[in-house]
Amino acid sequence: MKHIKIITNYKAICIGNTLLKLTTLPFSMFIATLISHIMTLAMEGNTEAVLKAVLYSATMITATILIRLTSDCYLKQLNANRSSQFRTDFMRIFLHNPADMLHDVSKGALIQNINKDLDTIINCYTQVYPDIISNAITVMAYIVFMILQQPFVAFALLGLGLFQLFPPFIVRKYIQINYDNCSKLEEEITDHLSEAVKGFPFIKLYALKDTWIEKLSVLYRKYYKVGNRSSAALAAHSSLLRCTETVLRFGSYIIVGLFILNQVCSFECGVQVLYLSSGLFSAINTIANNIPHATLRKTAENRMCKWTDVSNLGNDCVIRSPFSQIQFRDVSITYDEKEVFHHIQCNFRADQEYCIIGSNGSGKSTLLYAIMKEIKTQSGTILLDHNADYNGISADILAFVPQNMPVFSLDAETLFGLFEDASYTERAVKIMQSLGLDSCILVGKGINTYSGGERKKLFLSLAFAMEPQWMLLDEPTNHLDEQSVMCLIELLRKKKGIILVTHDERLRQIIPHIIRIEDGVMTNE
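Scoring rules and cut-offs
- Residues numbered from 1 in each chain as written.
- Predicted model: local features only at pLDDT ≥ 70, side-chain atom pairs only at ≥ 80, totals over all residues.
- Heavy atoms only, no water.
- Pairing = 2+ DSSP bridges.
- Helix = DSSP H or I, 4+ residues; strand = E, 2+ residues; numbered from the N terminus.
- Axes fitted to C-alpha atoms, helices over the stretch in contact; angles between N-to-C directions.
- Contact = heavy atoms within 4.5 Å.
- Buried < 20%, exposed > 50% of the residue type's maximum accessible area, 1.4 Å probe, protein only.
- Phe/Tyr/Trp six-rings, centres within 6.5 Å; stacked < 30°, edge-to-face > 60°.

Caption draft 1: Quick look at the sheet that holds strand 9 (residues 521–524). Ordered in space as 5-6-7-3-8-9, the six strands form an open sheet in which the pairing is mixed. Of all strands in the sheet, those with a lone pairing partner are strand 5 (398–401) and strand 9, marking the two edges. Put simply, the sheet's adjacent strands are angled 20 degrees from each other on average, direction ignored. Relative to strand 9, strand 8 (residues 513–518) runs antiparallel, the two sharing four bridges. Bridge pairing in strand 9 places Ile517 opposite Met522. In the packing of helix 10 (residues 364–371) onto the sheet, contacts are made with strand 3 (353–357), strand 5, strand 6 (470–474), strand 7 (498–501), strand 8 and strand 9, and the angle to strand 6 comes to roughly 145 degrees.

Caption draft 2: How the structure looks around unusual backbone geometry. One non-glycine residue, Lys373, lies in the positive phi region at around 65 degrees. As for its position among the elements, Lys373 is in the loop between helix 10 and strand 4 (379–384). With relative accessibility at 17%, the residue Lys373 sits in the buried group. A positive phi is found at Glu467, a non-glycine position, where the angle reads about 50 degrees. Note that Glu467 resides in the loop between helix 13 (452–466) and strand 6.

Caption draft 3: Representation of the packing of aromatic side chains in the model. All told, the structure shown has four aromatic pairs when counted by the stated rule. Look at Tyr125 and Tyr129: their rings are 5.7 Å apart centre to centre, the planes differ by 85 degrees, and that puts the pair in the edge-to-face class. Of this pair, Tyr125 and Tyr129 both sit in helix 5 (residues 107–149), four residues apart, roughly one helical turn. Like Tyr125, the residue Tyr129 is buried in the burial classification. The interplanar angle of 85 degrees and the centroid separation of 5.2 Å between the aromatic rings of Tyr369 and Phe400 together place this pair among those described as edge-to-face.

Okay, structure coming up:
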């Protein structure tokens, strides 16, 4: 499955972070040689030379610390910027997915994708993989350096250090299983809580509180059990690592001491390898600690790939044309296990206006959502200018104002600022004022605090300001006062390419083409 380029770009970021982490590697080996030289001078009683060497080594250590601090600070800032850009890129690609996928997405799954999975991927490319690669290079460099001093000592310490790799491999399987189970349960809990937020009046009205709470309790009990297993796996991992640290600390002194006593290596060589052994063990330990985290990246990427699969993404191949058409070819649609449309055939032309009428539940709104690709067809094809794949079409071609307005926490001025063309904002404000919406609410007042009528006026203003080729309106007069309705009528008189659903007789009188939907069949009136 192909993935979008942002993942590929992060591989380059991974290489860059790795190189930055390796900046202090040469200093470490040089300091090891310097310390062994100081020990030799001290044993010879050359005080003046020792003081000079200590001063020089202190300068080198200080320089190493400063370089590491500088590179760490730079990496943190760089990774924060890259993380923000990565999230922005992902959301841009996410919003280009087919509307039916976005419409049907589980809130719990999406929250897991945006938070947990995205963090896992970002952390792997910015921290985990650079740590593993840079420390693997450090291990190889230290081993080569030690081999040049004394091969037997080098391989003995390497064998001792590799002992640290066993704990992660032992618990990796259990960490992976618990990650998957926790993610699944967190999705279910989020979805269950989201259902309550949407339907709490019905839960209270029909006395469903106990049933809802019992289901939540069941989910939390499952999550508690999985969480305990996850905590136990991590605790076992930590305990094993602490045991290995103790073995390594005393084992390295014993091994090097024995080699020196048996004259396998010199005292100066022993000092050098002992100094580097802590760095060697630390590097292997970092690799061991990061292995379980690295295994989670593939799972997180697989969970995200449905949004970043190139084959899902729509295209913008539709252009404005006075001869534009929306065509239904033998379309059947089932919604909530009810067949709404049965093999319908119809054409809509951009130089005309259409009013869709019918009884409640007949499928009027479903028709608009089907055109917007938010509902899948069971058979047949919906074409926009002979193109069936128009997902991601821009709003200046196809705009939709649904019956229930979206709710955002940002204010209207921020929303207007998202448009690249300032003329959109100017037109939107003028239309908004003509609809009776005071411009003073544009700044500092979240759209989620607007009344239903204010939100309707705002999004109608945005839709008309776009001057789209096609405009789909679902019950546009809902929540509007009389003055606003009359203004809307004047706007509609000047617009072509309108497909609207309404029960308002005043709108039906100004639309020339009336289409009735009943029993899955469309007829002209």
